[in-house]
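# What the coordinates show
Spelled out, the chains give:
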Amino acid sequence: PSMVHPQPQHMQGAPPPQGPPPTMPAMDHGAPVPPPAPAAPEAKGEPEPKAPEKKNSQFKEGQKVYYKKEGTATIVKVHYDDELEPFYTIQVPGGKEKQTTDAH
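Residues numbered from 1 in each chain as written. Predicted model: local features only at pLDDT ≥ 70, side-chain atom pairs only at ≥ 80, totals over all residues. Heavy atoms only, no water.

### As for the pairing of strand E3 (residues 86-91)
Convention followed: Pairing between two strands requires that DSSP report at least two bridges joining them. The numbering of helices and of strands both runs from the N terminus, where a helix is a DSSP run of H or I of at least 4 residues and a strand a run of E of at least 2.
Summarising the sheet, strand E2 (residues 71-80) and E3 pair through 6 bridges and their orientation is antiparallel. Bridge pairing in E3 links tyrosine 80 to proline 86. Hairpin connection between E2 and E3: a loop of 5 residues separates the two successive antiparallel strands, and leucine 84 in this loop has a positive phi of roughly 65°. Relative to strand E4 (residues 97-101), E3 is paired through 5 bridges, and the arrangement is antiparallel. By the bridge assignment, tyrosine 88 is partnered in E4 with threonine 100.

### Let's talk about the pairing of strand E1 (residues 64-67)
For the record, the criterion: Burial status follows relative accessibility: with a 1.4 Å probe on protein chains alone, a residue under 20% of its type maximum counts as buried, one over 50% as exposed, and anything between as partly exposed.
The alternating pattern of E1 places Val65 and Tyr67 on a buried face and Lys64 and Tyr66 on a face that is not buried. Looking at chain direction, E1 and E2 are connected through 4 bridges and run antiparallel. Note on E2: the bridge partner recorded for tyrosine 67 is glycine 71. Between the end of E1 and the start of E2, which pair antiparallel, lie 3 residues, with lysine 68 showing a positive phi angle near 40°.

### Overview of the packing of aromatic side chains
Note the cut-off: Note on aromatic contacts: the rings of Phe and Tyr and the six-membered ring of Trp form a pair at centre separations within 6.5 Å, being stacked when their planes are under 30 degrees apart, edge-to-face when over 60 apart, and tilted otherwise.
With the rule as written, the count across this model stands at 1 aromatic pair. Summarising the aromatic geometry, the rings of phenylalanine 59 and tyrosine 88 are spaced 5.5 Å apart at their centres and angled 75° between planes, so their arrangement reads as edge-to-face. Of this pair, phenylalanine 59 sits in the segment before E1 while tyrosine 88 sits in strand E3, and the two are 29 residues apart along the sequence. Exposure remark for phenylalanine 59: the relative accessible area of 23% places this residue in the partly exposed category.

### Brief notes about the sheet that holds E3
The cut-off we apply is this: In this analysis an axis means a line fitted to C-alpha atoms, helices contributing only their contacting stretch, and an angle means the value between N-to-C directions, from 0 to 180 degrees.
Read from one edge of the open sheet, 4 strands run E1-E2-E3-E4, paired in antiparallel fashion. Edge positions in the open sheet fall to E1 and E4, since each of these has one partner strand only. Ignoring which end each strand starts from, the neighbouring axes of this sheet average 45° apart.

Here it is as structure tokens:
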């Protein structure tokens with residue numbers, strides 16, 4: 001004997017859906033899914049972008065330098081920013097540390 005299940009009240013009298021909702025693509029459950037397309041080959045003749053090169057520092061740690069109107073300062077540490085440009089932590093008279101670049 002087969003059992004007949006009644007439709008929920010909200011579905012009684014409603015026509016059966018015809019295909020997928022308009023915002024959803026139809027799916028073919030019987031067809032295999034093709035593999036993803038291979039990546040496009042690199043265009044020849046175009047060089048790859050080069051990584052920035054670390055610039056040479058004008059100063060070395062421990063070196064005494066003249067800093068603006070503050071007078072003689074000492075290079076405490078040489079650092080490099082994201083573009084590999086050097087910048088410095090210096091100690092000015094009075095013991096205060098500041099950061100500066102070659103331009104200053």
